[in-house]
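Residue strings, one per chain:
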Amino acid sequence: MKTFTTKAFKALAISALLATTGVFASVAVPALAADKPAAPKYKLSKPVQQALSESQKLSAAGDNAGALAKVNEAAVLPALTPDEVYMINAVKINIAIATKDNTLLEQALRGALSSGMVPPDDQAKFYRNLGALALQHNDYASATSDFEKLAALNPADTEPMIALAELYQRQKQPVKAVAMLGKVIDTAKANGTVAPETVFRRRLAIAYDAKLAAEVQPAAMALVAAYPNAVNWRDALTIFRDGANLDDQASLDTLRLMATVGALNGERDYAEYAETASNRGLPGEAKTALDEGVAKGMLSTSKPFVKELSGVVNPKIAADKASLPGLAKDAAKAANGKLALSTGDAFYGYGQYAEAAAMYKLAMSKGGIDVDTANLRLGMVLAKSGDKAGAEAAFKAVAGPGARKTLAQYWLIWLSKKA
C-alpha cells in the first residue's frame, strides 16, 4: 500500500516548521545614553547601561562588529540581573537580524528567554523562530522543545501541533505523531472548524505505515467522516481489506459497501466484485457489477474476462430471479435461518430490498446463522430503501468484535451523511 503522505500536507507542515526568520521584528530596546537613566521597565547597572548605549550608537553607524563587541563586554560582567540579561540579548537580537547571523540570533533568543523577562506577547514569536532556526541545522530535539512550548502558549492554535506531528515523525516517534494529529483534529473541532483533509490523511498514513493497528481504523473512519469523497473511501476500505483477513462473506460485504460509496475504481475492482458475487451464487448481483463497470468505462465488453463471466452469469438470471418466491416460501418452512439468509442475499442482488429485509429478519428469528452477518445486511438493505432509523438500529446491533462490526461502523458513517 502506498504512503498517504501528500505534497499538500508537507507544505502545511513545513510552513509551520520553517517560519521565516527574515521577517522577525526587531526587539524594542530603549535608547541607552550613559548620562540618562534606563527606561523604567528595566533596571540596569551603570556599566551595563553604558556598554549597551555605546553598542546602539555603533550599530546605528553601521559598525555591527563593534556593536557586538560592546554587547559582549556587558555580557561578561558579574552578577547580571534578569533585566540586564534580557536587555543584553535584546540588543544582540537586533544585531543578529541586521547582519543575518542566524547562529547569533538563536543564541540571543534563547538568552533572552532564559532571563524570564520576555513579554508574554513576544514569547510565541521567539519560540516559533527558535524552532525554525533549530531545524535549519537539523536539531530536531531543540525544535521539538521549542514547538512544544509554542503550542502550550496558545492551546487553540493548531499550526504548532501540525509542526510537532511532523517533528515526531522525523524522529521515528509515530505514536506521538498520530496522537498529535488527533489533537489537531479535536482542537479544530473545539474551535468550530474542521482540520484540513491533509491532516486526516497524514494521521492515517503514519498509523498505517507504522503498523499501529489500534490507530489505523479510527484514523480511517475519521477521514471518511470528515471528508467522505470517493478517494478517501477507497483508501480507507482498501486498508481495511488488506488488514482484516476477510472470509468470502465479509469480502463480499466490503465490496458492496465500496460500490455503495463510489469507491470501486478500475477494471480490477469491478471484476473482483462481479466474480465474488458469481462465486457466491448471486448472478443478479454479478450482472449488476458487470453492467455498472461497463457503464462507467471501467470494464470493456471486448475483454475475454468480461465476455467469459457474462457468459456464465447472464444465462442464469431469468431462472434465478423466478426461483426467489419459491425459495422465500421454503425459507419460511425451514428449521433454521440459513436458506432465509441466502435468499435475502439473492433479493439484494436484484435490488429488491424490502424482500431482502424480510428474509434477513426471518433468518434471525429462526436462528442457526451468524446474527452479525444478518444484522449487517439488514442494515444495508434498510439503508438503501430509505429506512434510516431502521438501518441505524440494525448496524448498531452488530456486536462484533471483528470485520462485520467495523463494516457496520463504516455504514453508519455513510448513513450519517445522507439527508
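Residues numbered from 1 in each chain as written. Predicted model: local features only at pLDDT ≥ 70, side-chain atom pairs only at ≥ 80, totals over all residues. Heavy atoms only, no water.

A.B. asks: It is not clear to me how the overall build of the protein chain should be interpreted in this structure. Could you clarify?
C.D. replies: Across its full length, the protein chain carries 21 helices and zero strands. Here the C-alpha radius of gyration of the protein chain, 33 Å, is well above what a compact globule of 419 residues would show, namely 22 Å. Taken along the three principal axes of its C-alpha coordinates, the protein chain extends 110 × 45 × 35 Å. Buried positions account for 47% of the 419 residues belonging to the protein chain. Pairs at least 24 residues apart make up 58% of the contacts formed inside the protein chain by residues separated by at least 6 positions. For the protein chain, the computed accessible surface area is about 19,300 Å², with 55% contributed by carbon and sulfur atoms. Taken together, the 48 basic and 41 acidic charged side chains of the protein chain have centroids lying 3 Å from each other. (Helix = DSSP H or I, 4+ residues; strand = E, 2+ residues; numbered from the N terminus. Rg over C-alpha atoms; globule rule 2.2 N^0.38 Å. Buried < 20%, exposed > 50% of the residue type's maximum accessible area, 1.4 Å probe, protein only. Contact = heavy atoms within 4.5 Å. Areas by Shrake-Rupley, 256 points an atom, 1.4 Å probe, with all protein chains shown as cover. Lys, Arg positive; Asp, Glu negative; His and termini not counted. Charge placed at Lys NZ, Arg CZ, Asp CG, Glu CD.)

A.B. asks: Can you walk me through the confidence of the model for the protein chain in this structure?
C.D. replies: Parts of the prediction with low pLDDT should not have their coordinates interpreted in detail. Across the protein chain, pLDDT averages 90, with 90% of residues at or above 70. Confidence drops under pLDDT 50 across residues 18-23; counting only partners more than four residues distant or on other chains, this segment forms 11 contacts. Low pLDDT (under 50) marks residues 33-40, which in the prediction has 12 contacts with non-local residues, meaning those over four places away or in another chain. (pLDDT = per-residue confidence, 0-100.)

A.B. asks: I'm lost on the environment of Ser-53 in this one. Help?
C.D. replies: Mapped onto the elements of the fold, Ser-53 is located in helix α2 (residues 46-60). Assessed through its relative accessible area of 4%, Ser-53 is described here as buried. Taking the C-alpha atoms as reference points, Ser-53 and Val-91, 38 residues apart in sequence, are found 9.8 Å from one another.

A.B. asks: What should I look at first to understand the pattern of salt bridges in this one?
C.D. replies: When the charged atoms of two side chains with opposite charge come close together, those side chains can pair. Per the counting criterion, the structure on display carries 21 salt bridges. For the salt bridge of Asp-157 with Arg-128, the shortest nitrogen-to-oxygen distance reads 3.7 Å. On the criterion of sequence distance, the pair formed by Asp-157 in the loop between α7 (140-153) and α8 (159-170) and Arg-128 in helix α6 (residues 120-136) is long-range, its members being 29 residues apart. On the basis of relative accessible area, Asp-157 is assigned to the partly exposed category, the value being 23%. In this structure, the salt-bridge partner of Asp-345 is Arg-377, at a minimum N-O distance of 2.8 Å. One end of the pair, Asp-345, is in helix α17 (residues 338-349); the other, Arg-377, is in helix α19 (residues 371-384), with 32 residues separating them in the sequence. Judged by its relative accessible area of 0%, Arg-377 is buried. In this structure, a network of salt bridges that share partners links the residues Asp-253, Arg-256, Glu-285, Asp-345 and Arg-377. (Salt bridge = Lys/Arg side-chain N within 4 Å of Asp/Glu carboxyl O.)

A.B. asks: It is not clear to me how the packing of helix α12 (residues 230-244) against helix α21 (residues 403-416) should be interpreted in this structure. Could you clarify?
C.D. replies: Helix-helix packing is characterised by the crossing angle of the two axes and by the distance between the axes. Between α12 and α21, the shortest axis-to-axis distance is 12 Å and the interhelical angle comes to 170°. Relative to α21, the element α12 is oriented roughly antiparallel. The residues of α21 that touch α12, namely those facing Trp-233, Ala-236, Leu-237 and Phe-240, are Ala-403, Thr-406, Leu-407, Tyr-410, Ile-413 and Trp-414. Its residues assigned to classes, the contact of α12 with α21 shows nine nonpolar, one polar and no charged. (Axes fitted to C-alpha atoms, helices over the stretch in contact; angles between N-to-C directions. Parallel < 35°, antiparallel > 145°, perpendicular 65-115°, else oblique. Nonpolar A, V, L, I, M, F, W, Y, C, P; charged D, E, K, R; others polar.)

A.B. asks: In this structure, what is going on with helix α14 (residues 267-279)? I would like to understand it.
C.D. replies: Within an α-helix, residues lying three or four positions from one another point in the same direction, as the helix has 3.6 residues per turn. Compared with an ideal rise of 1.5 Å per residue, which puts 13 residues at 18 Å, α14 spans 18 Å between its outermost C-alpha atoms and is within 8% of the ideal. The complete set of buried residues in α14 reads Asp-269, Tyr-270, Ala-271, Tyr-273, Ala-274, Thr-276, Ala-277 and Ser-278. Among the structural elements, α12, α13 (248-260), α15 (283-295) and α16 (304-333) are those in contact with the buried residues of α14. Note on α14: the residue one or two positions beyond its end, Gly-281, has a positive phi of about 75°. (Expected span 1.5 Å × (residues − 1).)

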